[in-house]
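Residue-level listing of the chains:
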Amino acid sequence: MLAFIVRRLLSLIPVLLLITLAVFLLIHIVPGDAATYILSEGFATAEDVDKLRRELGLDQPIWVQYVRYLNGIARLNFGRSLYTRRPLLDEITARFPASVELALASIAIAVLIGLFAGMMAAVRHNTLWDRGITTSVLFGFSMPDFWLGLMLIFLFAVRLGWVPATGRGGVVHLILPALTLGIASSALIARMTRSSLLDTLRQDYVRTARAKGLDEHIVLFKHALKNSLIPTVTVVGLQFGTMLGRVVVTESVFAWPGIGRLLLDAINARDLPLIQGIVLVIATSFVLINLAVDILYSYLDPRIRYH
Amino acid sequence: MTTDLSIEMAPRRRPRAPGRVTFWRALTADGGALLGAGIVCLFILVGMFAPRLSPYDPLASHLPNSLQKPSLRHPLGFDEFGRDILSRVMHGSRISLLIALGATGSACILGVSIGLAAGYRGSWVENVALRLTDVMLAFPGILMALAIIAVLGRGTGNVMVAIGIYFTPFYVRLVRGLVLSVKERDYVEAARGVGATDLRILYRHIVPNILGPVIVQTTLNIGAAILITSSLSFLGLGVQPPTPEWGVMLANGRTYLRVAPHVATFPGLAIMLVVLGFNLLGDGLRDALDPTLRGQRGT
């Protein structure tokens, strides 16, 4: 097990290096010159552009810039935001907890709905329940997040007035954005749980358990469910990772002060260093979460360690 | 005498490819797939003929009608500038489908080519391609598209580029895996044995045998591309107003959620319906192409 983890950690290094390279290159694929691009909205003089170019290090050869960039990252010094002039790390760490809170709440909702729906559909295979759930799953896949968010706001905040529409505060503020993000993920979890449980219920050992006269509940919860949950765990983990990318839209709908809103503000302000910093942090977290899922998966299912 | 005749007749009737027949039979027996195909066709037709079919000009505003509720003559009501929402939704399907098809199509061509090269050639081509996809897939969801638009600037063309780049690594992975399993088959060996060139082997023997999963993936991707396009436009980073794009319409409707919820409702319903159509069709195609799945709907 330890050897497996070490091997996976080592394989991460080139990926992380390439991510930093991709994020670093962002500033160089700007059409024309990055400094001109950033300043284009104001009345920038040639001197301003030159000054900014020097601040961003754009006057150096590109490999020097990259080495400097890596060096900064290694010391957790990502540079400063062009807009607020605060260190990027402060900007990002100030907003990150809000996004993680939202992502965790969404995953909790997704698992709750998804597991229950998936189990119901599998246990009551080929009944009205099953059809209803598989149809809802398809709708869940097809709905745009932001539209679902708006409709939830209209129903629960505007019409019924049960919860606040926007902002961050107590648990009540969390309900609608977490539902918005959670429903789409729950569709995937439900689909996975259903198909894997159906698969397990066809196995010989389940038939044996039934044949020796065990109670159906014991067969389901003790024999079938435990084994069928392995793929579901993977899906949940991967969904948690993609949440970090999906929060951008939902945070915008609910004015949630997370990293997604920060990214949107940075894009609107053309704050390229801040955009780079946020993208780097999200991508790195995503890769680390996927690694954790991988390790968890190999722990639950020892067969895959040897492949 | 009669037996002789039948023996002579037999070779003249070409046997039909059994795979193709069962595929069509499975697809047309699948109610969900047919419904999906119907929805997709409807939106494509509306998109193609939107200028003729739409009852009013999608850009003509008549302020006295501003935010009016749906009526018989205007079944979806008016937006904040007094523009007919039905006409705008119809034109919206033209824009969404064009962007989605353009982006998915270019991703498909690019990704399939790279995937073919990586899977067939192996060695360093494969290594480079795989490392590149690793990096691209490290940016979850629309983050990659957002980053690309952040540097290229907003607008319809850049949305297409961003979404095209987003989908490319998925095709590379899929096609490489498929090629790896197909290229060791006997018929490829045989073709190589009789001296066929690599290009001929690729296009005569490998591509036709991996086409199924690629078509399924493309169908599902078009739906996903429509969702991403509208998300980007909703955030103000994609198609710009006053173009009647669904995400743009939703972004405007959001301001009037309290007084006129219909403005935000209908564009969202249109998105959901067309994406549902592509998902149903994609699932149906997958089940019909994979004989092992036949008969166990939805698993």
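Worth saying up front: this structure is predicted, and the values here are computed from it rather than measured.

Engineer: Can you walk me through the overall build of chain B in this structure?
Structural biologist: Counting secondary structure elements, chain B contains 12 helices and zero strands. Counting helices and strands in the order they occur from the N terminus, chain B gives α-α-α-α-α-α-α-α-α-α-α-α. The buried share of chain B, reckoned over its 299 residues, is 52%. By sequence separation, contacts in chain B at least 24 residues apart represent 72% of the contacts at least 6 residues apart. When the accessible area of chain B is evaluated, it comes to approximately 14,500 Å², of which 65% is carbon and sulfur surface.

Engineer: Please explain helix α11 (residues 246–255) of chain B as it appears in this structure.
Structural biologist: Since the α-helix packs 3.6 residues into each turn, any two residues three or four apart lie on the same face. Residues Trp246, Gly247, Val248, Met249, Leu250 and Gly253 of chain B constitute the buried set of α11 of chain B. In the core, the buried residues of α11 of chain B are packed alongside α7 (145–159) of chain A together with α3 (31–48), α5 (85–121), α10 (198–234) and α12 (262–289) of chain B. If you check the start of α11 of chain B, you find a side-chain oxygen 2.6 Å away from the backbone N of Gly247 of chain B, and it comes from Glu245 of chain B.

Engineer: Looking at this structure, I do not really get the side chain of Ser228 of chain A. What am I missing?
Structural biologist: Residues and elements named next belong to chain A. Looking at where Ser228 falls in the secondary structure, it is placed in helix α10 (residues 216–253). Classification of Ser228 as buried rests on a relative accessible area of 2%. Residue contacts for Ser228: discarding those within four places in its chain leaves Ser196, Leu197 and Thr200.

Engineer: Looking at this structure, how should I read the domain arrangement of chain A?
Structural biologist: Where interface size is quoted, it is often the accessible area lost as the parts come together. Residues and elements named next belong to chain A. You can read the domains of chain A as domain 1 (2–74) and domain 2 (92–306). One C-alpha centre belongs to domain 1, the other to domain 2; they are set 33 Å apart. The largest contributions to the domain 1 side of the interface with domain 2 come from Phe4, Arg8 and Val23, which together make up 27% of the buried area. Where domain 1 meets domain 2, there are one salt bridge. In this structure, the salt-bridge partner of Arg8 is Asp294, at a minimum N-O distance of 1.9 Å.

Engineer: Teacher, can you tell me more about the pattern of salt bridges here?
Structural biologist: Side-chain pairs of opposite charge can arise where the charged atoms are in close proximity. Going through the model one piece at a time under the given rule, you end up with 17 salt bridges over all chains. Residue Arg246 of chain A pairs with Asp145 of chain A through a salt bridge whose shortest N-O separation is 3.4 Å. Here Arg246 of chain A, found in helix α10, pairs with Asp145 of chain A, found in helix α7; they are 101 residues apart in sequence, far enough to count as distant. Among the salt bridges present, the one from Asp204 of chain A reaches Arg207 of chain A, with a minimum N-O distance of 3.0 Å. Residue Asp204 of chain A and its partner Arg207 of chain A are located together in helix α9 (residues 204–211), separated by three residues, close to a single helical turn. Overall, the relative accessible area of 52% leaves Asp204 of chain A in the exposed class. Exposure remark for Arg207 of chain A: the relative accessible area of 56% places this residue in the exposed category. One salt-bridge network, held together by shared partners, links Arg191 of chain A together with Asp283 and Arg286 of chain B.

Engineer: For this particular structure, what's the right way to read the confidence of the model for chain B?
Structural biologist: Atom-level detail of predicted coordinates should not be read off regions where pLDDT is low. Residues and elements named next belong to chain B. Of the residues in chain B, 90% have a pLDDT of 70 or more, and the chain-wide mean is 85. In the model, residues 1–12 has pLDDT below 50 throughout and makes zero contacts with residues more than four positions away in sequence or in other chains. Contacts for the low-pLDDT stretch residues 294–299, under 50 throughout, to residues beyond four places or in other chains number 16 contacts. The ipTM for the predicted assembly is 0.87, set against a pTM of 0.87.

Engineer: Got a minute to help me understand the packing of aromatic side chains in this structure?
Structural biologist: Aromatic ring pairs are described here by two measures, namely the spacing of the ring centres and the angle between the planes. All names here are of chain A. Counted by the stated rule, this structure contains seven aromatic pairs over all chains. The interplanar angle of 50° and the centroid separation of 5.1 Å between the aromatic rings of Phe24 and Tyr66 together place this pair among those described as tilted. Of the two residues, Phe24 is situated in helix α1 (residues 2–26) and Tyr66 in helix α4 (residues 62–74); the sequence distance between them amounts to 42 residues. Consider the rings of Phe156 and Trp162, whose centres lie 5.9 Å apart with planes at 35°: the pair is tilted. Taking relative accessible area as the criterion, Trp162 reaches 61% and is therefore assigned exposed. The rings of Phe24, Tyr66 and Tyr69 are connected pair by pair, giving a single aromatic cluster.

Engineer: What is the right way to read the packing of α1 of chain A against α4 of chain A from this model?
Structural biologist: Any two packed helices are characterised by how steeply their axes cross, that is the angle between the axes, and by the distance between the axes. Residues and elements named next belong to chain A. Two elements in contact, α1 and α4, have axes whose closest approach is 11 Å; the angle formed by their N-to-C orientations is 120°. Here α4 runs oblique to α1, going by the angle between their axes. For the pair α1 and α4, the crossing hand works out as right-handed. Here Leu17, Thr20, Leu21, Val23, Phe24 and Leu25 of α1 come into contact with α4, specifically with Ile62, Gln65, Tyr66, Tyr69, Leu70 and Ile73. Looking at side-chain class alone, the contact of α1 with α4 contains 10 nonpolar, two polar and no charged residues.

Thresholds, definitions, all that
Residues numbered from 1 in each chain as written. Chains lettered and ligands numbered in written order. Predicted model: local features only at pLDDT ≥ 70, side-chain atom pairs only at ≥ 80, totals over all residues. Heavy atoms only, no water. Helix = DSSP H or I, 4+ residues; strand = E, 2+ residues; numbered from the N terminus. Buried < 20%, exposed > 50% of the residue type's maximum accessible area, 1.4 Å probe, protein only. Contact = heavy atoms within 4.5 Å. Areas by Shrake-Rupley, 256 points an atom, 1.4 Å probe, with all protein chains shown as cover. Polar contact = N/O pair within 3.5 Å; in protein donor to acceptor, adjacent residues only side chain to side chain. Domains from an automatic or database assignment. Buried area = accessible area lost by both parts, 1.4 Å probe. Salt bridge = Lys/Arg side-chain N within 4 Å of Asp/Glu carboxyl O. pLDDT = per-residue confidence, 0-100. Phe/Tyr/Trp six-rings, centres within 6.5 Å; stacked < 30°, edge-to-face > 60°. Axes fitted to C-alpha atoms, helices over the stretch in contact; angles between N-to-C directions. Parallel < 35°, antiparallel > 145°, perpendicular 65-115°, else oblique. Left-handed = near helix turned anticlockwise from the far one by under 90°. Nonpolar A, V, L, I, M, F, W, Y, C, P; charged D, E, K, R; others polar.

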